[in-house]
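Secondary and tertiary structure notes
The lines below spell out each chain.
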Amino acid sequence: MPTHVRSTQRDVVVIGGGPAGMAAALAASQCGAQVTLVDERSALGGQVYKQFNPAFQVTDETGQGAQYRRGRDMIAAVLASAVEVLTDTVVWGIWGREVFVCRGEEEVHRIEALTIIIAAGAYDRPVPFPGWTLPGVITAGGGQSLAKVFRVAPGHRILMAGSGPLSLSFAAELKHYGANVIMLTEACRRPTVAAIWRLLWASPGNAASLRDGLAYLTALKTHRIPVRWSTIVSRAEGRDRVERAVIANVDERWHVIPGSEDVLDVDAICLGYGLCPSNELTRLCGCAHNYDEQHGGWVPWRDEWMRSSVPGVLVAGDCAGISGAATAVDEGYVAGLAAAVDTTHLSVARATALAERARRKLRRQRRFRAALDAMYPVGTGLYDLADESTVICRCEEVTLGEIRTALRQCPPDAHGVKAFTRAGMGFCQGRVCGRQVAAEVAAASGLPIGAVSPSSVRPPVKPLPIAAVAAEMPERRRPIVSLEP
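Below or above, wherever it landed, is the structure these notes cover. (Residues numbered from 1 in each chain as written. Predicted model: local features only at pLDDT ≥ 70, side-chain atom pairs only at ≥ 80, totals over all residues. Heavy atoms only, no water.)

Section: the side chain of Thr399
On the secondary structure map, Thr399 appears in strand S21 (residues 398-399). Judged by its relative accessible area of 18%, Thr399 is buried. What Thr399 contacts, discounting residues up to four positions off in sequence, is Glu388, Ser389, Thr390, Val391 and Ile392. (Helix = DSSP H or I, 4+ residues; strand = E, 2+ residues; numbered from the N terminus. Buried < 20%, exposed > 50% of the residue type's maximum accessible area, 1.4 Å probe, protein only. Contact = heavy atoms within 4.5 Å.)

Describing the packing of helix H10 (residues 400-407) against helix H11 (residues 414-421)
The geometry of a pair of packed helices is captured by two quantities: the angle between their axes and the separation between those axes. Between H10 and H11, the shortest axis-to-axis distance is 9 Å and the interhelical angle comes to 115°. As far as their axial angle goes, H11 and H10 are roughly perpendicular. As for how H10 packs across H11, the hand of that crossing is right-handed. Contact residues: Glu402, Ile403, Ala406 and Leu407 in H10; Val417, Phe420 and Thr421 in H11. Of the residues contributing to the contact of H10 with H11, the split by class is five nonpolar, one polar and one charged. (Axes fitted to C-alpha atoms, helices over the stretch in contact; angles between N-to-C directions. Parallel < 35°, antiparallel > 145°, perpendicular 65-115°, else oblique. Left-handed = near helix turned anticlockwise from the far one by under 90°. Nonpolar A, V, L, I, M, F, W, Y, C, P; charged D, E, K, R; others polar.)

Comments concerning unusual backbone geometry
With an omega of 0°, the peptide bond running from Pro459 to Pro460 counts as cis. Structurally, the position occupied by Pro460 is in the loop between helix H12 (434-445) and helix H13 (466-469). Positive phi outside glycine occurs at Glu397, with the angle close to 55°. Mapped onto the secondary structure, Glu397 falls in the loop between strand S20 (391-393) and S21.

Quick notes on the layout of surface pockets
The space that makes up the second largest pocket amounts to roughly 730 Å³. In this structure, the second largest pocket is lined by 36 residues; those nearest its centre are Arg283, Gln429, Gly430, Ser455 and Ser456. For the lining of the second largest pocket, the secondary structure elements donating two or more residues are strand S16 (275-277), helix H7 (280-284), strand S18 (297-300), H11 and H12. Class assignment for the residues of the lining of the second largest pocket results in 19 nonpolar, eleven polar and six charged. (1 Å grid on protein atoms, 1.4 Å probe; cavity = no way out; pocket = protein on both sides within 12 Å on 5 of 7 lines; lining within 4 Å. Points joined across faces, edges and corners; volume = space filled by probe spheres on them.)

Focus: the sheet that holds strand S15 (residues 268-272)
With parallel pairing, the five strands of this open sheet are ordered in space as S8-S15-S9-S10-S11. Both edges of this open sheet fall to strand S8 (137-139) and strand S11 (227-228), since each of them pairs with a single strand only. The pairing of S8 with S15 spans three bridges and is classified as parallel. Counted as the bridge partner of Ile138 is Cys270 from S15. Against the sheet, helix H3 (residues 140-149) makes contact with S8, strand S9 (158-162) and S15, and its axis sits at roughly 90° relative to S8, the strand it touches most. (Pairing = 2+ DSSP bridges.)

Some words on the pattern of salt bridges
Across all of its chains, the model carries 22 salt bridges by this definition. In this structure, the salt-bridge partner of Glu112 is Arg110, at a minimum N-O distance of 3.6 Å. Residue classification places Arg110 among the buried residues on the basis of a relative accessible area of 7%. The residue Lys361 makes a salt bridge to Asp330 at a minimum N-O spacing of 3.3 Å. Placement of Lys361 in helix H9 (residues 348-375) and of Asp330 in helix H8 (residues 325-342) is noted, with a sequence separation of 31 residues between them. Look at Lys361 and you get partly exposed, because its relative accessible area is 25%. A relative accessible area of 6% places Asp330 in the buried class. A single network of salt bridges, built from pairs that share partners, joins Arg235, Glu237, Glu243 and Arg244. (Salt bridge = Lys/Arg side-chain N within 4 Å of Asp/Glu carboxyl O.)

Here's the deal with the packing of aromatic side chains
Aromatic rings considered in pairs are described by the distance between their centres and by the relative angle of their planes. Per the stated rule, a full pass over the model turns up five aromatic pairs. Relative to Trp95, the ring of Trp92 lies with its centre 5.8 Å away and its plane at 75°, an arrangement referred to as edge-to-face. When the ring of Trp92 is compared with that of Phe100, the centres are 5.8 Å apart and the planes differ by 55°; the resulting orientation is tilted. Exposure class is identical for Trp92 and Phe100. Each is buried. These aromatic residues form a ring-pair network of at least three members: Trp92, Trp95 and Phe100. Between the NZ or CZ atom of Arg394 and the centre of the ring of Trp132, over which it lies, the distance is 4.7 Å. (Phe/Tyr/Trp six-rings, centres within 6.5 Å; stacked < 30°, edge-to-face > 60°. Lys NZ or Arg CZ within 6 Å of the ring centre and 35° of its normal.)

Description of the pairing of strand S17 (residues 289-292)
In terms of strand pairing, S17 meets S18 through four bridges, oriented antiparallel. The residue bridging Asp292 from the neighbouring strand is Gly297, located in S18. Remark: four residues form the turn of the hairpin made by S17 and S18, two consecutive strands paired antiparallel; Gly296 in that turn has positive phi of roughly 105°.

Details of the nonpolar core
Formed by 52 residues in total, the largest nonpolar core has its most connected members in Phe129, Ile269 and Tyr273. When sequence neighbours within four positions are dropped, the list of residues in contact with Phe129 reads Val137, Val233, Ser234, Arg235, Ala236, Leu271, Leu385, Ala386 and Thr390. In this structure, Met22, Val341, Leu346 and Ala358 belong to the second largest nonpolar core, which totals 40 residues. (Core = buried A, V, L, I, M, F, W, Y, C linked by side-chain atoms within 4.5 Å.)

A look at the sheet that holds strand S14 (residues 262-265)
Taken together, the three strands give an open sheet; going across it, the order is S12-S13-S14, and neighbouring strands pair in antiparallel fashion. The open sheet has two edge strands with one neighbour each: strand S12 (231-237) and S14. For this sheet, the mean inter-axis angle between neighbouring strands, taken without regard to orientation, is 30°. Relative to S14, strand S13 (residues 244-249) runs antiparallel, the two sharing four bridges. Counted as the bridge partner of Arg244 is Asp265 from S14.

Structure representation (structure tokens):
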């Protein structure tokens, strides 16, 4: 079937329907801007504010937690506003201020925007180790979706392995939905008294975050879920699916201490070692990035208005560095005001006044986040768990041994590894294997991982029907992408 591109013009296009994207869209729209909000999921909310599957009816909303209610209220506000909402819609390319989206098999839009706000969120940090591809080994986000959206437990005996507040919250949340979590392993050391005091010192203005954390710890204690500190999952074993988890003690940098291994009988392992920013679109736009391991890797530079280094492109939320839902909402709000200024719907003076409260909250949240980061530093031992037979690129089934062989035969960079092995050329476009490849390149070249350039990003950044790429633009009478050499 021939496909044609429908072109529209908008003041602001917001990419991402999570907390940051919804806050940005609402702020810009309330200032009078024409706003389109695009999200690839079937419903707004993102990962944090994800709601129940429509097949389920919620009869007791008070028992669903604060995040559920915050998300429900924000989604309702967006749907009641003048914001145009496009769900089930993938952004696959951006050229200048032109955003190309695809909805279904044939519906292709070109949205010409004065301002683009990227609020693409984050995804679970991939952690390769022997056996991590066995059925039953899933990310914490995947386990949360199963339990939260579809009311399905990931297994009957679940090991939650990870680090940081998200790991705590996922374990407590799984237990809340009736799943049997037999243990939580935390890779960091038990917090010291001094670290707890620093967190309490940073807590003014962050009472909700502190309250949530205490509630998670209380839930684990109430349900007698043991927490084992300085421990990591080093291997998963099983015939057709995971049957055992091998856990081991680690040092301060998360390197396994030989001889400390224990074996647990499990049928599910949920991995929650933090999140990585979904930065494909900010990299595609050419935004300047810095490397920050604690905040997930490559994060775009921004000014106080969330403007990136590329004029007309703003970035908000976890795709600009992992900071949590509360920060995402306030960053999104500030970005929405900035977009309203840039599209002449709001004066700078008025925007500055409106943004003051959100900026004050952001300063407090970042102080709190810094105290949390000091309690839960990410260890480089994560990159040392895989052995040479471990599959690193799951899409192309490339092992660590094949990557190391390639590095002995090609220039030590991610592009050479891709050319020799196809690692990073599959469905996920390197989202899963990219960091481990970068770590191997760093080890081979003697550089820190932050000095290794990531693979380049090209459209389409997400899989889509070939007809969408070759679609004809009526006003230009030529395909978006020429297939001729």
